[in-house]
Amino acid sequence: MYRTSLQLDKKEFKIMNFNHLMSIYATNYHNFRSILNNENSKFNKRINQKTISIEDIYHDKFTRIFKVYHKFKYNEDNCVSNTFSIKPHLIFYMYNDAKLLEVKSLRDNRNFDNSIQDKIRLNLNLFYWIKNIINQ
């Protein structure tokens, strides 16, 4: 009897985490779309100035898979190219029909063996990054 009630509590906890994860996906989608649709945002100005670039991996009517690069500039006369970018370890999955934005690390993208807690942590970091961009 005691073991059964503990197992039920664990199942309810996992359902709460899954619902929480889905709400983070939906919030990230709406916030990211509002940034892209707002032409006066600092994020769009950075995209237009080529300091932030969005590289599409796959794009169709319902799904967009992309990476976001931040380009750094330095001033040296000796170098041919004065910009560099750090290769991101994040892949963004934007589902327009479901209105969800999910972020995965490259490791999670290769291995389908990750926990909900890792997904929540990574997508919450994306949430805070987007909110930081909105609040600037």
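Residues numbered from 1 in each chain as written. Predicted model: local features only at pLDDT ≥ 70, side-chain atom pairs only at ≥ 80, totals over all residues. Heavy atoms only, no water.

1. Description of the packing of aromatic side chains
On inspection of all chains with the given rule, the structure shows four aromatic pairs. On the basis of an interplanar angle of 20° and a centroid distance of 5.8 Å, the ring pair of Phe32 and Phe66 is categorised as stacked. Placement of the pair is Phe32 in helix 1 (residues 2-37) and Phe66 in strand 2 (residues 63-73), with a sequence separation of 34 residues. An identical accessibility class is assigned to Phe32 and Phe66; each is buried. Ring geometry for Phe66 and Phe92: centres 5.1 Å apart, planes at 5°, overall stacked. (Phe/Tyr/Trp six-rings, centres within 6.5 Å; stacked < 30°, edge-to-face > 60°. Helix = DSSP H or I, 4+ residues; strand = E, 2+ residues; numbered from the N terminus. Buried < 20%, exposed > 50% of the residue type's maximum accessible area, 1.4 Å probe, protein only.)

2. Details of the pairing of strand 1 (residues 52-59)
Sheet analysis places strand 1 next to strand 2, joined by seven bridges and oriented antiparallel. If you follow Tyr58 over to strand 2, its bridge partner there is Ile65. What sits between the antiparallel neighbours strand 1 and strand 2 is a turn of three residues. (Pairing = 2+ DSSP bridges.)

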